[in-house]
Amino acid sequence: MARFAGAVHVVTTDGTAGRRGVTIIAGCSVSDNPPTVLVCLSRVKPDNDVFAENGVFALNTLSSKQRALADAFSGLTGLSQKDRFALGEWETGQTGAPVLVGALTSFDCRIIETKEIATHRILFGEVTGIRIGDSLSPLIYQDRRYHSLET
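Nothing here was measured: the structure is a model prediction, and the numbers come from that model.

> What is the right way to read the pattern of salt bridges from this model?
If the charged atoms of two oppositely charged side chains come close together, the side chains can form a pair. Counted by the stated rule, this structure contains seven salt bridges. Where R19 meets D14, a salt bridge forms, and the shortest distance between an N and an O atom there is 3.8 Å. We classify R19 as partly exposed; its relative accessible area is 40%. If you follow the salt bridges from partner to partner, you end up with R43, D49, E116 and R121 in one network.

Shown next as structure tokens:
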């Protein structure tokens, strides 16, 4: 799976179960009518249960200039959730999920279905709001390292 290339996202949630954000590459479009995306989160980390418990998430696609956020939300830096969020500028989406100011695109979503497969939980989110950022080069992860489309 390390050879699989994907855009880097920070998926976030907030609500009665708590605030959390994690770095993922397993996020994609499912449908445009109604607009629906999915994210895959590890079930090995019980802290990820807050996403399903809150019933909302925002899928924030990172640019190549946001590698520090990707590292922080991946857990590599050892920062607390509070300190991770302090590294970025956030707005509250319509659902209550944190939306990253400066992301390439942010999809604010209400969870409409979950499915558990092997070590992961797939969250299907109906998009309730979209924030489109500047047209920058995306941050890509492949072969256990970051890549950029910038020349």
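Following the structure, the description resumes.
> I'm lost on the packing of aromatic side chains in this one. Help?
How two aromatic rings sit relative to each other is set out by the distance from centre to centre and by the angle between their planes. Taken as a whole and assessed by the stated rule, the structure comprises four aromatic pairs. Here the aromatic rings of F73 and W90 are separated by 5.9 Å at their centres, their planes lie at 70 degrees, and the arrangement is edge-to-face. Separated by 17 residues along the polypeptide, F73 in helix α2 (residues 67–74) and W90 in strand β7 (residues 90–92) bring together distant segments of the chain. Take F73: its relative accessible area is 1%, and that puts it in the buried class. A relative accessible area of 17% means that W90 is categorised as buried.

> Any chance you could explain the sheet that holds strand β12 (residues 145–148) here in plain terms?
Note on sheets: strands pair through backbone hydrogen bonds, and any given pair is parallel or antiparallel. Taken in spatial order, the three strands make up an open sheet running β1-β11-β12, and their pairing is antiparallel. Each having just a single partner strand, β1 (6–7) and β12 make up the two edges of the open sheet. Alignment of β1 against strand β11 (residues 139–142), held across two bridges, turns out to be antiparallel. Following the sheet pairing, A7 is matched in β11 by I140.

Parameters at a glance
Residues numbered from 1 in each chain as written. Predicted model: local features only at pLDDT ≥ 70, side-chain atom pairs only at ≥ 80, totals over all residues. Heavy atoms only, no water. Salt bridge = Lys/Arg side-chain N within 4 Å of Asp/Glu carboxyl O. Buried < 20%, exposed > 50% of the residue type's maximum accessible area, 1.4 Å probe, protein only. Phe/Tyr/Trp six-rings, centres within 6.5 Å; stacked < 30°, edge-to-face > 60°. Helix = DSSP H or I, 4+ residues; strand = E, 2+ residues; numbered from the N terminus. Pairing = 2+ DSSP bridges.

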